[in-house]
Amino acid sequence: MIAFLKLLFRNRLAGLGAVVLAAIVILVLITPILPLPDPDVTATADRFKRPFTDGHLLGTDHLGRDLLSRLLWGTRLSLAIGIAAALIAATIGSAIGIVAGYFGGRIDNIIMRGVDMLMAFPYILLALAIVAALGPGLMNALIAVAAVNVPFFARNIRGVTVTLAGREFIDAARLAGLGHTRIILTEILPNVLPVIVIAMSTTVGWMILETAGLSFLGLGSQPPRADLGSMLGEARAALITAPHTSVVPGVMIFLIVMSINLLGDGVRDALDPRLRSGALTRPRAMTMVDREAPLPPARDDTGLLDIQNLSTEFRVGPRVYKAVSDVSLSVQPGECVGIIGESGSGKSVTALSVMGLVASPPGVIAGGAVRFQGEDLVRASYATLRQRRGDRVAYIFQDPLATLHPLYRIGDQLAEAIRAHHPIGRAEGRRRAVELLTAVRIPNAAARVDAYPHQLSGGMRQRVGIAMALANDPDVIIADEPTTALDVTVQAQILALLDDLRRDRGLAIIFITHDFGVVAQLCDRVAVMYGGRIVEQGPTADVLARPRHPYTARLMACVPELGGGRRKLDAIPGLPPAVDRLPPGCAFAPRCDRAQDVCRNGAIDLVVEGDRALRCHFPCNDTAAAGAAT
Ligand code: ADP
Ligand code: MG
């Protein structure tokens, strides 16, 4: 609740609305105990007194009644009627909407056609017709205003309910044997309540206006009782001679409606989770770059793709999350380089930084270079990046459902991936799609090309993701845990497929995983990441046989071996570091049993020795490592 208010008041205008509205509400609540003259007592001798005359702060009206008193009592009445109408309309409308949306089918059809009929009448005419039928009076005006707003709520809430009713947790509740009433009250209602509140907060002002409108026409509150609309109506005759009688209720209506609307907008923004996260801005098309340090000079033995001293951070308010610091990595054509590390070690951010895909804000590339065929991609224009993305450098992501559009056939999506870079016709696109699906060994590709993503199994979807990455015959594929969600047989097939591709087509692969088995099977070289830094790098067989960084050794000790007999699996004690509070020295030191003071205090450089690189003062000596590995 406190958080909600904080959020609300961050929006200045909504805060202003809340303050004005609160002041008005307090004023009308204490009206009965204020020393005010009776609002209905006429005194013809005192007609049309100007404001600020003795005893009448706001003057008097055409019957000599005190305007301040009438204003406060009138506002009290108008607010009460408006809010009551909104509550009634929201309750009835939402109930209709929920029932229609939840049961669907014929019930939905009958209810919604009735609602449509109500909506087909012009709004104010309908209200007038209802009051005309029931007879003038405040109660009837309330009924009329509530009735014409019911369809609005019914439509809105039905739409929300329909999507909810198809969701898995509703099915689960039904299978668990809950009755319809229970499901509606405990599963649906809590989910639509924010929508109801939002719809209400944005319509209360409107309903107060409508009630005032009916009273203005003489159909609402009856004399001598004052509400804002009838005060305006009675003042109309004296608009020129005594304008204050119109201005006083007019200003009050303006203040109420404005403050409710501002507050309503604020409430809507504060309740919407997407707006609540502060992400009002959409991410840019490429990651922001803020390189302070001078660019490292290009190395001459650069591979096809060369990541050099890359640092990427997330700047969220005053915090800076250094997700990737000083990472250097290169890959040659036909080579597969693995990146391994615990969850949160910065693997994905490294991969996304290559093509400027880290969401910005809050992501910023703070240093280093990414060279593709010698060209610095960090400095490249958006047009250049767009040309390379998916064409020369392609990604395979962990969750294939997030890559595929649920409403398009996979063949069309594959063809679109090609067409984004090369103009090809429909028939050609289809032919290529079938070819690609065959290449990733989807059985019966010619028929599957017309399937929708939901008609495929998880493994097949992942293979479609791979086919999409292959669509333009790229030079580099960056695979971010593409097999983590798959079972071992499918995983083995996909690894074999990638392995073939790099041998046949000379594809360079950066393969991100947290599975040593996968690394051993596929990768020529491996880089171990911890706390956003590479701590060890080298040829796979060498690193696996002789891990030198204590972290690598401990990671490997966590891997069970088939047929290796019973062995105690060593989990690494402690947790990975929070990247916004990285220690000055080695990030692994707090969890490392070899760490000494020097590890905790100063920065440690990555020392390159032949084809191995290591960031550690006290590496595991080889005999101990050999002992740990067996
Ligand atoms: P992984 O190695 O599991 O792929 P990531 O590269 O996704 O890890 O994340 C690295 C670090 O960056 C994590 O500590 C994560 O909390 C942080 N991070 C990722 N995205 C954001 C973000 N939008 N805002 C703040 N921190 C983030
Ligand atoms: Mg990841």
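About the thresholds
Residues numbered from 1 in each chain as written. Chains lettered and ligands numbered in written order. Predicted model: local features only at pLDDT ≥ 70, side-chain atom pairs only at ≥ 80, totals over all residues. Heavy atoms only, no water. Helix = DSSP H or I, 4+ residues; strand = E, 2+ residues; numbered from the N terminus. Buried < 20%, exposed > 50% of the residue type's maximum accessible area, 1.4 Å probe, protein only. Polar contact = N/O pair within 3.5 Å; in protein donor to acceptor, adjacent residues only side chain to side chain. Salt bridge = Lys/Arg side-chain N within 4 Å of Asp/Glu carboxyl O. 1 Å grid on protein atoms, 1.4 Å probe; cavity = no way out; pocket = protein on both sides within 12 Å on 5 of 7 lines; lining within 4 Å. Points joined across faces, edges and corners; volume = space filled by probe spheres on them. Nonpolar A, V, L, I, M, F, W, Y, C, P; charged D, E, K, R; others polar. Pairing = 2+ DSSP bridges. Axes fitted to C-alpha atoms, helices over the stretch in contact; angles between N-to-C directions. Contact = heavy atoms within 4.5 Å. Core = buried A, V, L, I, M, F, W, Y, C linked by side-chain atoms within 4.5 Å. Domains from an automatic or database assignment. Near = heavy atom within 4 Å. Areas by Shrake-Rupley, 256 points an atom, 1.4 Å probe, with all protein chains shown as cover. Phe/Tyr/Trp six-rings, centres within 6.5 Å; stacked < 30°, edge-to-face > 60°.

Asks: Is there a simple way to explain the side chain of Ser328 in this structure?
Replies: Within the secondary structure, Ser328 sits in strand β3 (residues 319–331). We classify Ser328 as buried; its relative accessible area is 16%. One polar contact links the side chain of Ser328 to the main-chain amide nitrogen of Asn309, over a distance of 2.9 Å.

Asks: Would you mind showing me how to read the pattern of salt bridges here?
Replies: For side chains bearing opposite charge, pairing can occur when the charged atoms are close. Following the criterion strictly, the structure yields 33 salt bridges and no others. The partner of Arg525 in a salt bridge is Glu335, with the nearest N and O atoms 2.8 Å apart. Taken together, the residues Arg525 in strand β10 (residues 525–530) and Glu335 in the loop between β3 and β4 (336–340) connect sequence positions 190 residues apart. Overall, the relative accessible area of 12% leaves Glu335 in the buried class. A cluster of three or more residues bridged by salt bridges with shared partners is formed by Asp40, Asp61, Arg65, Arg70 and Glu234.

Asks: Before we go on, may I ask you to explain the layout of surface pockets in this structure?
Replies: It is a probe the size of a water molecule, rolled over the atoms, that shows where empty space is left. Estimates place the volume of the largest pocket at around 660 Å³. Along the walls of the largest pocket sit 21 residues, with Arg389, Gly390, Thr403, Ala417 and Met468 positioned nearest its centre. Elements represented by at least two residues in the lining of the largest pocket include exactly α13 (382–388), β7 (393–396), α15 (410–419) and α18 (458–470). Here the lining of the largest pocket is built from residues that sort into 11 nonpolar, seven polar and three charged.

Asks: Even after reading the chapter, I still don't get the sheet that holds strand β11 (residues 533–539), so can you show me in this structure?
Replies: Two modes of strand pairing occur in sheets, parallel and antiparallel, and in both the strands are linked by backbone hydrogen bonds. Taken together, eight strands build an open sheet; the order of strands is β7-β8-β9-β4-β10-β11-β13-β12 and the sheet is mixed. In this open sheet, the two edge strands, each paired with only one partner strand, are β7 and β12 (607–609). Direction aside, neighbouring strands of the sheet carry axes that sit 20° apart on average. Sheet topology note: the β4/strand β9 (residues 508–513) ladder contains five bridges and is parallel. Across the sheet, residue Ile340 finds its bridge partner in β9, namely Thr513. Lying on the sheet, helix α19 (residues 488–505) is in contact with β4, β7 and β9; it crosses β9 at an angle near 155°.

Asks: How should the nonpolar core be read in this particular structure?
Replies: If you look at soluble globular proteins, the nonpolar side chains tend to sit buried side by side. In terms of nonpolar packing, the biggest core is built from 62 residues, with Leu437, Ile466, Leu470, Phe511 and Tyr551 touching the most fellow members. It is α18 that contributes the most residues to this core, seven residues altogether. Of the residues that make up this core, three or more belong to each of domain 2 (327–526) and domain 3 (541–629). Non-local contacts of Leu470, meaning those with residues more than four positions away in its chain, are made with Leu436, Val440, Ile477, Leu501, Arg505 and Leu507. Within the second largest apolar cluster, 53 residues are counted, among which are Leu8, Ala89, Ala127 and Ala199.

Asks: What exactly am I supposed to notice about the site of ligand 1 here?
Replies: Around ligand 1, 13 residues are found, and the nearest of them are Gly344, Gly346, Lys347, Ser348 and Val349. Within the backbone of Lys347, an N or O atom sits 2.9 Å from an oxygen atom of ligand 1. Here an oxygen atom of ligand 1 and a backbone polar atom of Val349 are 2.9 Å apart. Burial of ligand 1 by the protein chains amounts to 67% of its free accessible area of 560 Å². For the shell around ligand 1, the secondary structure elements donating two or more residues are β3 and α12 (347–354). Considering every element that reaches the shell around ligand 1, the biggest residue donor is α12, with three residues. Looking at the shell around ligand 1 residue by residue, the class counts come to six nonpolar, five polar and two charged.

Asks: Would you mind showing me how to read the domain arrangement of the protein chain here?
Replies: By convention, interface size is frequently given as the accessible area that disappears when the constituent parts associate. For the protein chain, the assigned domains read domain 1 (76–271), domain 2 (327–526) and domain 3 (541–629). Spacing between the C-alpha centres of domain 1 and domain 3 amounts to 65 Å.

Asks: Whenever I open this one, the packing of aromatic side chains confuses me. Can you help?
Replies: Each aromatic ring pair is specified by the distance between its two centres and by the angle formed by the two planes. Summed over the entire model, instances satisfying the criterion amount to six aromatic pairs. Between Phe152 and Phe153 the ring centres are 5.4 Å apart and the planes differ by 80°, which places this aromatic pair in the edge-to-face class. Judged by relative accessible area, which is 30%, Phe152 ranks as partly exposed. Arranged with centres 5.4 Å apart and planes meeting at 0°, the rings of Tyr395 and Phe397 form a pair that is stacked. You can call Tyr395 buried: its relative accessible area is 13%. Through a chain of ring-to-ring contacts, three or more aromatic side chains come together here, namely Tyr530, Tyr551 and Phe588.

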